[in-house]
Each structure stands twice: as C-alpha cells, then as structure tokens.
Amino acid sequence: MRPSDVILSVSLVIGHVLGQNCPSYSSFSQSRNPPLSTGAYKLAYQRPAPECRTFNSSLIEDAISRAKDNIYDVDLFRLFENTFPNTLDTAIKWRGVAANNSEEELAFVITGDINAMWIRDSANQIAPYKTVMKNATDDIASVFRGVINLQARYLIISPYCNAFQPPPESEMPPESNGGTYSVTPSYDRSVVFTCNFELDDFGGFLQLSHDYYTATGDLDFFGKFQWIPAVQSILAASEAMRQPTYGPDGKWIPPAYSFQSLTMSASGTLGNNGMGSPVNDTGLVRSPFRPSDDSAMFDFNIPANMMLSRYLESTSKIMDRLPNAPKGLAREMRDMAAEIREAINQWGVVTAPNGKKIFAYEVDGFGGQNLMDDANIPSLLSAPFLGYLEKDDPVYQSTRAFVLSRSNPWWCAGPYINAIGSPHIRPGAAWPMSAIMRAMTSDDDGEIISAIKEVLRSTDGYGLIHESVNSFDTSSWTRQWFTWANGLFGQMIMDLADRKPHILKESFQPFFIEKE
C-alpha cells in the first residue's frame, strides 16, 4: 500500500475531552501531591482527578480496588495505584476514527512528557492492560485497537521511522523537535517526529497485536483495516535491513537506511557518513539505533532480533487464519522468524571473559561484539519476558549473571538501588525499569523482594517511576513522568498477584510498621 492510499482528512473525535481547569500533567507530577501515603516513604498521590484523566476504564479501577485488598504494604499499594493507570490517566492524547473509515478506531498515545507517539513506547505503555482485558467489548480493548491501527498506518507510511506526529484527524498541530537531519529514505515531517530506525518498533507492534488477539480472540479485527499491509511493510523493511555491507563479489551494497543529524552527542547520529559500521551476511536484521534511541556500536542488536523473531512467529498464526491474507504471507513470517533465531544462535552467542557462553548485546558478524546490557526493553535481561526463551535456559542464566554484575559496564550499584543503567543518561544512573524487569524474570522470592524494595525507595517521594536514579542519591533523577516504566511496574504487580501472591503480603517498609 502506498502512503497516498492512507486517506487523511477530517476527523470524528470520540471519547474524553478534558476540562478547561485541568493542569498539565507535566506540571502536576512535579509536585508531591496529597494525600501522602501513611508508610515511611510518604508517597504522593499522583492521579489526576477523574474528570482530568485522558481515559477512564472501569476494568482498571476494579483491578486497583482488588489490589488494595491484596497488597499489605501501604507504600507499595500507593506506588501501584499511581503507576498502573498512568498511561490511561495522562497519555491518551486523542481518540477518534479514520477519515476514510468510521469503523477504524485510532488512538494517539504520547510517551509522557514528549508530545509525540513512539511506536515502541506506545506498545509498551498499553501492553500492561492486557492483564485485565478479556474480550473485544471491554472498554480497554478499544484503546488497543486504536493504537494498533494508528501504528499500522505509521508503519506503512514510514517503516524506518520511530516517532510520529498526531494524525490529521485529531486536528492537533504537529510538534517541531528542532533537529536538523539527513535521512534515507526521506520522510514527511508533518507525519514523522523522528526517524531513528529501531528494530524493536516492529517487535512492539507485533507484540501488541499478539497481546490483543491472545486476550480477546478477535480475529476479524486483523483482517478489516491496515494490519496486513503493515506486516508486509515490516517484512519488506526487515529484509532490506538484513542486507550485508558487501556482496558475494565484494562489491559495496548501499544500505536501505542512513541517518545523519546535527548533534552534540555521538550517540545521536550514525558514523560512516550516516551508514553506521559495516555488517556481514548473518541473517540478522540491522538496528542502527537501540531501544534507548541511542546509536548502536554494532548494528545487529540481539534483544531486538529476539523480539522480532518471537512475535513474527506468534502473529503468523493470526495471519494463517485470515481469509483475506495473501497466500504465503504467514509462511514468510515464520521463515524469517526461524532464520533470525538460527542466526542468533550462530552469531549472538559468544564466550564471555569468564569462559561461559552468553548472548552478546550487539554484534556485526565480523567478530565485533558488545558485551553489555541496557535497561531499555527489549534487553538481554528481558528475553524470558519477551517469550523468546525460558528462564532456566542455560545461556540466558549465564547472560543474566553477567549483566547483573560489574562485568556489565552499565551495571549501576549503590546503597539505594542496584540496577542496569544506559548510555542514554550516564554511568551511575540506575534505571528502575531494569530492577522491575529483574523481578519479572526471577522465581527467587528474595531477589524479587529486594528489587521491589529498591524501586520503592527510588521515587524520591513522588510515587512515580523515574527514568533513572543516581544509585547513591535518590534525589538525583531524570524524568518525573515516564509512563512506560510506570506501566511496567503495574504489570509486575499484576504478574506477582498471579504467580507469587504471598510476596504482596510482605512489608516493604525500611522498618516494621504495624498496619492499622
């Protein structure tokens, strides 16, 4: 489908219109709003008033009410009630329908304090609500469909781009990011906010599709609108990004994507005249930018390839069942998934300095390998969470031990929080997101409890999950409004309620407080 086939004109707005007296959440979340929790951490109450929330869901409110009975610790509950609904409370910037099809729901979800829609972030922001969604008539199911449909549109128009402007139907003006870029393929700035090619965008779209179908069984949805062309766009771009730098005869193959920008940061642009470092013929898919939006050291990002392989395979089952799917498309999805998995086993498993086999974070197929992990998901730590492998996989266990130690250059240890960080910020800035993921990929009660305690004491009283926290000073942090991490914390609590409910009966106070 050509971009011109996506008709964009007038809008029909549905849903919630905020009151004139509602404060911006950017301002609201900068205060420690009352009433404070009654535990030692005295966490603020950070939910907007109901009339100021961007989407109200009875399913989410019911889940929060049930959690109050199941969570013993008042501070832990306060953090959950603030974070789990945070995307719905604050980030559903617009809901409506497509100009050319009044049945095609659309939802524009901002990443939090940036008024643009990232494919990866929006998928992760909505994904935690799969824990309460049971069928296609649930209120939250409409948000899933709206996000999937708008992501599909964006992936058809500009599959190499990662963040997008509001759709014309919303009548919201486009945002300017102030950057100067030279990108191939070119893109429309009225549609695109930034055009960093990040492979996990494809995985995020497919994961959200998988989550919606698994929860609702709503097969018809996927055949009605633009989901099939979006998958075709993903496959075409992925195949283009599997091309090596040199052909069999040694001739240089111009890359499908290049990116240069005027920036003060080396990680904000690509070297080699925007083409990145050379790659060999491996069967892996290049990702010049990481899930953190930073440029890669080596273009084959193993976690992003894991995610793409896993969800190409799972969503091929949806494609198999669609009567209007092109013949052979589901097989093409499965074949690429299998080829990527085989390539990960061949090129992504390396020998660590301690002699054990681990997954590298990035490779180039020429012998270059980057032994680290980044807090942003997909990460090596998150591989079981992605469903790519089981927690007890021996290579994963060795990798886990490596990345959760000083062997990982981005391991941030200190008296308050011990977690993986990211070059997106700086050394010593631990990301609570990785402590949450540590708990979600562990079956050890002690490890889970320790991770929760560290996250709980990292909020500086705001009762929200920060992007990063100085592991030696919890008053030094970045981003007070980070909906992706907030939702992930809520998802962790919902996960523990199912598989380890006894942990939620623990006290997480720095000292014992008798509950009234």
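Up top is the structure these notes are about.
Residues numbered from 1 in each chain as written. Predicted model: local features only at pLDDT ≥ 70, side-chain atom pairs only at ≥ 80, totals over all residues. Heavy atoms only, no water.

Visitor: How should I be thinking about the state of the cysteines in this particular structure?
Guide: Among covalent bonds in proteins, the disulfide is the one between the sulfur atoms of two cysteines. A full pass over the atoms with the stated rule returns two disulfides. Covalent S-S linkage joins cysteine 22 and cysteine 52, the inter-sulfur distance amounting to 2.0 Å. Taking the sign of the S-S torsion, about -85 degrees here, the bridge from cysteine 22 to cysteine 52 comes out left-handed. In this pair, cysteine 22 sits in the loop between β1 (12–13) and α1 (25–28) while cysteine 52 sits in the loop between α1 and α2 (58–70), placing the two residues 30 residues apart along the sequence. Like cysteine 52, cysteine 22 is buried. Note that cysteine 161 is cross-linked by a disulfide to cysteine 195, the S-S spacing being 2.1 Å. Judged by the torsion about the S-S bond (-75 degrees), the cysteine 161/cysteine 195 disulfide is left-handed. Residue cysteine 161 is located in the loop between α6 (139–157) and β5 (163–164), and its partner cysteine 195 is located in the loop between β7 (192–194) and α7 (200–216); the two are separated by 34 residues in the primary sequence. Taking relative accessible area as the criterion, cysteine 195 reaches 2% and is therefore assigned buried. The disulfide pattern of the protein chain is 1-2, 3-4 when the bonded cysteines are numbered in sequence order. (Disulfide = S-S within 2.5 Å. Helix = DSSP H or I, 4+ residues; strand = E, 2+ residues; numbered from the N terminus. Buried < 20%, exposed > 50% of the residue type's maximum accessible area, 1.4 Å probe, protein only.)

Visitor: What is the right way to look at the environment of serine 422 in this model?
Guide: Locating serine 422 in the fold gives a position in the loop between β15 (419–420) and β16 (429–430). A relative accessible area of 0% places serine 422 in the buried class. In this structure, serine 422 is in contact with Ser292, Asp294, Asp374, Asn376, Trp410, Ala429 and Trp431, ignoring residues within four places of it in sequence. (Contact = heavy atoms within 4.5 Å.)

Visitor: Is there a simple way to think about α2 in this case?
Guide: Each α-helix turn comprises 3.6 residues. Residues three or four places apart therefore point the same way. Between the first and last C-alpha of α2 there are 19 Å, a value that for 13 residues agrees with the 18 Å anticipated at 1.5 Å per step. Where α2 is concerned, the buried positions are Ile60, Ala63, Ile64 and Ala67. Taken down its axis, α2 places every buried residue within 100 degrees of arc, on the same side. For α2, the exposed residues lying more than 90 degrees away from the buried face are Lys68 and Asp69. Residues of α2 that are buried make contact with α3 (74–83), α4 (86–90) and α17 (483–499). For α2, the capping residue at the N-terminal end is serine 57, with a side-chain oxygen 3.3 Å from the backbone nitrogen of leucine 59. (Expected span 1.5 Å × (residues − 1). Arc of directions from axis to C-beta. Polar contact = N/O pair within 3.5 Å; in protein donor to acceptor, adjacent residues only side chain to side chain.)

Visitor: Explanation requested: helix α16 (residues 445–456) in the structure shown.
Guide: In this model, α16 (12 residues) spans 16 Å end to end at C-alpha, consistent with the 16 Å of a helix rising 1.5 Å per residue. Among the residues of α16, those classed as buried are Glu447, Ile448, Ile449, Ala451, Ile452, Glu454, Val455 and Leu456. In this fold, the buried residues of α16 make contact with α3, α14 (394–403), α15 (432–440) and α17. Where α16 begins, one side-chain oxygen reaches toward the backbone nitrogen of glycine 446, 3.2 Å away; that side chain belongs to aspartate 444.

Visitor: Even after reading the chapter, I still don't get the packing of aromatic side chains, so can you show me in this structure?
Guide: Aromatic rings considered in pairs are described by the distance between their centres and by the relative angle of their planes. All told, the structure shown has 22 aromatic pairs when counted by the stated rule. Between phenylalanine 80 and phenylalanine 84, the aromatic rings sit 5.2 Å apart at their centres with planes inclined by 15 degrees, giving stacked as the arrangement. The class of phenylalanine 84 is buried, set by a relative accessible area of 0%. Ring pairs connect the aromatic residues Phe144, Tyr212, Tyr213, Phe221, Phe222, Phe225 and Trp227, which therefore count as one cluster. Lying across the ring of tyrosine 388, arginine 341 places its NZ or CZ 4.0 Å from the centre. (Phe/Tyr/Trp six-rings, centres within 6.5 Å; stacked < 30°, edge-to-face > 60°. Lys NZ or Arg CZ within 6 Å of the ring centre and 35° of its normal.)

Visitor: What is the right way to read the sheet that holds β5 from this model?
Guide: What links the strands of a sheet is backbone hydrogen bonding, and the strands pair in either a parallel or an antiparallel sense. In space, the three strands of this open sheet follow the order β4-β5-β7, with antiparallel pairing throughout. Strand pairing shows two members of the sheet lacking a second neighbour, β4 (117–118) and β7, which therefore form its edges. Sheet topology note: the β4/β5 ladder contains two bridges and is antiparallel. Each bridged residue has a counterpart across the sheet, and for tryptophan 118 the counterpart in β5 is alanine 163. (Pairing = 2+ DSSP bridges.)

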